[in-house]
Amino acid sequence: MSNAALQPRLSAGRIAIYATLLLACAVYLIPLIVMLLTSFKTPDDIRTGNLLTLPESFTVIGWVKAWAAVNGYFWNSVKIVVPAVLISTLLGALNGYVLSMWRFRGSQLFFGLLLFGCFLPFQVILLPASFTLGKLGLANTTTGLVLVHVVYGLAFTTLFFRNFYVSVPEALVRAARLDGAGFFTIFGRILLPMSVPIIMVCLIWQFTQIWNDFLFGVVFASGDTQPVTVALNNLVNTSTGAKQYNVDMAAAMIAGLPTLVVYVLAGKYFLRGLTSGAVKG
Amino acid sequence: MASLELRNVNKRYGQGQADTLKNINLSIDSGEFLILVGPSGCGKSTLMNCIAGLENISGGEILVEDQPISGMSPKDRDIAMVFQSYALYPTMSVRDNIAFGLKMRKVPQARIDEEVERVAKLLQIEHLLHRKPSQLSGGQQQRVAMGRALARRPKIYLFDEPLSNLDAKLRVEMRTEIKLMHQRLKTTTVYVTHDQIEAMTLGDKVAVMKDGIIQQFATPQEIYNSPANLFVASFIGSPPMNFIPLRLQRQGARWVAVLDSGQDRYELPLSVEDGQSLEGREVILGIRPEQITAANEGGPALRAEVQVVEPTGPDTLVFVSLNEVKVCCRLAPDAAPRAGESLALQFDPDRVLLFDANTGERLSKAPEHIPAGQSGNIAQFAAR
Ligand SMILES: Nc1ncnc2c1ncn2[C@@H]1O[C@H](COP(=O)(O)OP(=O)(O)O)[C@@H](O)[C@H]1O
Ligand SMILES: [Mg+2]
């Protein structure tokens, strides 16, 4: 094989491909750049300049004000997301384990119904969920919101884990049973350690879903327990005084940052977990 | 170490499904090596899982040391199993794989270390103890899988096709090692295979299985020399036994099988206990390749045209056509003729078998009726 094949020349076709890719990048990145630039400008600057100019005088006042406004709600979100993500992932793993390794009569039907849960739109469960939370005495509490997120997320996490575990050889569980391990020992000592890729997928998926959720937050929480997405909305939609775009943009960035961080930290597992099947036995 | 007995064991996987195991009766003494052999899908793994307690049986009883164990959970049965896929725990090191069963049984750490050392030494895997299964070759994984079973010193070992994922050379090596190990440890073992050479070489007893039914349960020699039916006869032995369908002919007081090679005819004398029952009945004559050899000078012989010659090294396989059936003969390598040549063949009528053409059952031989002095050339049969 010649070197030419390995080092492609810059042909017209290639230039077209690069141009298209750059354009696509720009489409996604320009809003982010606008947000970033705006967040560091003064309100006067924003009114006089155009969207893409650099700040005349660079200031972090927007970020400071934004943090002051959403700080409490940001921690609300953390308090909702962390338990909701962990519980739904753990329960999903347990469900997937049972549905793949300890099949019972009707387990296929059970799994089918659970799958149905993945296609339920958020709006459909609002009324039944708020009724249930009311009966449980959990209305307008963080615990209640966590519960709703866990239940709603269970369909997805179960699906992830079940599909991962069906490709794990059943002989592994049989060997462990003969070795004297019980239901939970097999789960904890053998299956969970080999589930790292799918655990990552689940964590990222659930984190993104729950952190970015607005509807459940606005319906099932009120006042001081609201998540950051709702607080952001309230901040942006205040009608009193002049619009402080720099504060709005900074607050939006703050609200979006955690999901970005999670992707950067665990993103490589996400792809790996989605594409790889089971660990070979 | 323990005796194992299966009494009328039945297994059905679900309501409305056919029985996967039908009335299995087997019994082996403490320290014996039982081979379970049969084609793929006949229920061998199912039977192993039933013995191990991984599947519930639908009827009958399984006894270890004369105690029923059907109601016990797998971990209480004290049985270890080696799986065809090895089923090593992928996230654990080799050491932890071997130690897992002992840890689960709350064996003190010092004892565990001792056992792991012993097993690793026995299987020559000491240098691999810190590795993960994914860093091992197929043969090494196989050894670790055996190590995991050996570490617990269970009452019974179950091996489910342990060698079928290895290449041919390694398979032969491991076969010998398993035999050696069994001779040393003398633990009761049930060994599943679909390889008839493993079946013949390893076992004290062989159970041949087909469609969930035990076709024959006997020693390897009995299975080879006196197969109960056509299935067993064709399954055991390589190259397989030759089967020639024919009608027996009466010649005075005795019966003969007439073999026709196209250029010659030969009357193979058979002595049958119950003469009348063979009248006009279709039978199948079974002759193993080594029972057809190059004829001695002057003896009775059948001339036949050699169609194909396959030298295998230790002996040469020659194919001829008898009664329009392709028949394999096993000749000494120096006696090898060329294709197209004419060859004089002689038969070992003592070892010739007769099968009922309709049922496939063997017509039982009655050696006690062979008149003294005649046994050299007359095979005797009784219709069963
Ligand atoms: N868990 C199961 N559920 C239903 N049928 C099964 C199950 N396991 C095995 N079978 C059926 O039982 C028969 C015997 O299978 P198996 O014992 O694995 O055969 P072998 O090990 O001899 O190849 C096959 O027809 C198979 O389809
Ligand atoms: Mg099998």
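None of these values were measured; they are calculated from a predicted model.

A. Seen up close, the packing of aromatic side chains. For the structure on display, the rule yields 28 aromatic pairs over all chains. Ring centres 5.2 Å apart and planes at 70° place the aromatic pair F74(A) and W211(A) in the edge-to-face group. Taken together, the residues span a long stretch of sequence, with F74(A) in helix α4 (residues 61–101) and W211(A) in helix α10 (residues 196–212) at a distance of 137 residues. W211(A) sits in the buried class, given a relative accessible area of 2%. Between F216(A) and F220(A) the ring centres are 5.8 Å apart and the planes differ by 50°, which places this aromatic pair in the tilted class. In this pair, F216(A) and F220(A) are both assigned in helix α11 (residues 215–220), four residues apart and thus about one turn of the helix distant. For the pair F216(A) and F220(A), a shared accessibility class is recorded, and that class is buried. Connected via pairs of aromatic rings, a cluster forms that spans F122(A), Y152(A), F156(A), F160(A), W205(A), F216(A) and F220(A). A cation over a ring is seen here: R148(B) above Y89(B), with NZ or CZ 4.6 Å from the ring centre.

B. A look at the domain arrangement of chain B. Residues and elements named next belong to chain B. Domain boundaries in chain B define domain 1 (4–235) and domain 2 (242–380). Taking the mean C-alpha position of each, domain 1 and domain 2 sit 39 Å from one another. Taking both partners together, domain 1 and domain 2 bury about 910 Å²; carbon and sulfur atoms supply 52% of that area. There are six residue pairs in polar contact (both at pLDDT 80 or more) connecting domain 1 and domain 2. Sorting the residues of the side of domain 1 that touches domain 2 by element identifies α7 (220–225) and α8 (230–235) as the ones contributing at least two each. Classifying every residue of the side of domain 1 that touches domain 2 gives six nonpolar, four polar and no charged.

C. Spotlight on the nonpolar core. Formed by 95 residues in total, the largest nonpolar core has its most connected members in Y165(A), L4(B), L6(B), I24(B), L26(B), L47(B) and L158(B). Ranked by residue count, the leading element in this core is helix α7 (residues 142–165) of chain A, at eleven residues. Contacts of Y165(A), omitting those with residues within four sequence positions, involve A93(A), G96(A), Y97(A), S100(A), M101(A), F187(A), L191(A), L192(A) and S195(A). Listed in part, the 47 residues of the second largest apolar core include A99(B), V116(B), V119(B) and A120(B).

D. Region of interest: the site of ligand 1. Residue and element names in this part refer to chain B. Close to ligand 1 lie Y13, T20, P39, S40, G41, C42, G43, K44, S45 and T46, which account for all nearby residues. In the environment of ligand 1, a nitrogen atom lies 3.2 Å from a nitrogen or oxygen atom belonging to the side chain of Y13. Here C42 contributes a backbone N or O atom positioned 3.2 Å from an oxygen atom of ligand 1. The protein chains hide 58% of the 560 Å² of surface that ligand 1 would expose on its own. The element contributing the most residues to the shell around ligand 1 is helix α1 (residues 44–52), with three residues.

E. Unusual backbone geometry, seen in detail. All names here are of chain B. A cis geometry characterises the amide bond from S238 onward to P239, with omega recorded as -5°. Mapped onto the secondary structure, P239 falls in the loop between α8 and β11 (242–247). For D78, which is not glycine, the phi torsion reads 55° and is therefore positive. Checked against the element boundaries, D78 lands in the loop between β5 (67–68) and β6 (79–82). A positive phi is found at D211, a non-glycine position, where the angle reads about 50°. Note that D211 resides in the loop between β9 (205–210) and β10 (213–218).

F. Region of interest: the layout of surface pockets. One number sums up the size of the largest pocket: a volume of about 660 Å³. Around the largest pocket, the lining is made up of 24 residues, and of these R103(A), R174(A), R177(A), L54(B) and E55(B) lie nearest the centre. Of all elements in the fold, only α8 (170–178) of chain A together with β1 (4–12) of chain B reach the threshold of two or more residues within the lining of the largest pocket. Broken down by element, the lining of the largest pocket gets its largest block of residues, four residues, from α8(A). In terms of residue class, the lining of the largest pocket is made up of nine nonpolar, six polar and nine charged. The calculated volume of the second largest pocket comes to roughly 290 Å³. What lines the second largest pocket is a set of 13 residues, among which I125(A), L147(A), V148(A), V151(A) and Y152(A) lie closest to the centre. Ranked by residues supplied to the lining of the second largest pocket, first place goes to α7(A) with six residues. Its residues assigned to classes, the lining of the second largest pocket comprises eleven nonpolar, two polar and no charged.

G. Summary view of the packing of α7(A) against α10(A). Residues and elements named next belong to chain A. Between α7 and α10, whose axes approach to 10 Å, the crossing angle comes to 155°. For the element pair α7 / α10, the angle class is roughly antiparallel. Crossing handedness for the pair α7 and α10: right-handed. Two secondary-structure elements touch here, α7 through H149, G153, F156, T157, F160, F161 and F164 and α10 through I198, I199, V201, C202, W205, Q206 and I210. Across the contact of α7 with α10, the residue classes break down as ten nonpolar, four polar and no charged.

H. Looking closely at the environment of K179(B). Residues and elements named next belong to chain B. Within the secondary structure, K179 is located in helix α5 (residues 168–185). On the basis of relative accessibility, which here comes to 34%, the residue K179 falls in the partly exposed class. The sequence separation of K179 and F243 amounts to 64 residues, and the corresponding C-alpha distance is 33 Å. Here K179 is in contact with T201 and L202, once residues within four sequence places are set aside. At 2.6 Å, the side chain of K179 and the backbone oxygen of T201 are in polar contact.

I. Representation of the sheet that holds β1(B). Residue and element names in this part refer to chain B. Spatially, the four strands line up as an open sheet ordered β2-β1-β4-β5, and their pairing is antiparallel. In the strand order of this sheet, the two ends are held by β2 (19–28) and β5, each with one partner. Bridge analysis of β1 against β2 gives six bridges, and the strand direction is antiparallel. From the neighbouring strand, L4 faces β2, where its bridge partner is I28. The sheet contacts of α1 involve β1, β2 and β4 (59–64), and relative to β2 the element is tilted by about 65°.

Rules and cut-offs
Residues numbered from 1 in each chain as written. Chains lettered and ligands numbered in written order. Predicted model: local features only at pLDDT ≥ 70, side-chain atom pairs only at ≥ 80, totals over all residues. Heavy atoms only, no water. Phe/Tyr/Trp six-rings, centres within 6.5 Å; stacked < 30°, edge-to-face > 60°. Helix = DSSP H or I, 4+ residues; strand = E, 2+ residues; numbered from the N terminus. Buried < 20%, exposed > 50% of the residue type's maximum accessible area, 1.4 Å probe, protein only. Lys NZ or Arg CZ within 6 Å of the ring centre and 35° of its normal. Domains from an automatic or database assignment. Buried area = accessible area lost by both parts, 1.4 Å probe. Polar contact = N/O pair within 3.5 Å; in protein donor to acceptor, adjacent residues only side chain to side chain. Nonpolar A, V, L, I, M, F, W, Y, C, P; charged D, E, K, R; others polar. Core = buried A, V, L, I, M, F, W, Y, C linked by side-chain atoms within 4.5 Å. Contact = heavy atoms within 4.5 Å. Near = heavy atom within 4 Å. Areas by Shrake-Rupley, 256 points an atom, 1.4 Å probe, with all protein chains shown as cover. 1 Å grid on protein atoms, 1.4 Å probe; cavity = no way out; pocket = protein on both sides within 12 Å on 5 of 7 lines; lining within 4 Å. Points joined across faces, edges and corners; volume = space filled by probe spheres on them. Axes fitted to C-alpha atoms, helices over the stretch in contact; angles between N-to-C directions. Parallel < 35°, antiparallel > 145°, perpendicular 65-115°, else oblique. Left-handed = near helix turned anticlockwise from the far one by under 90°. Pairing = 2+ DSSP bridges.

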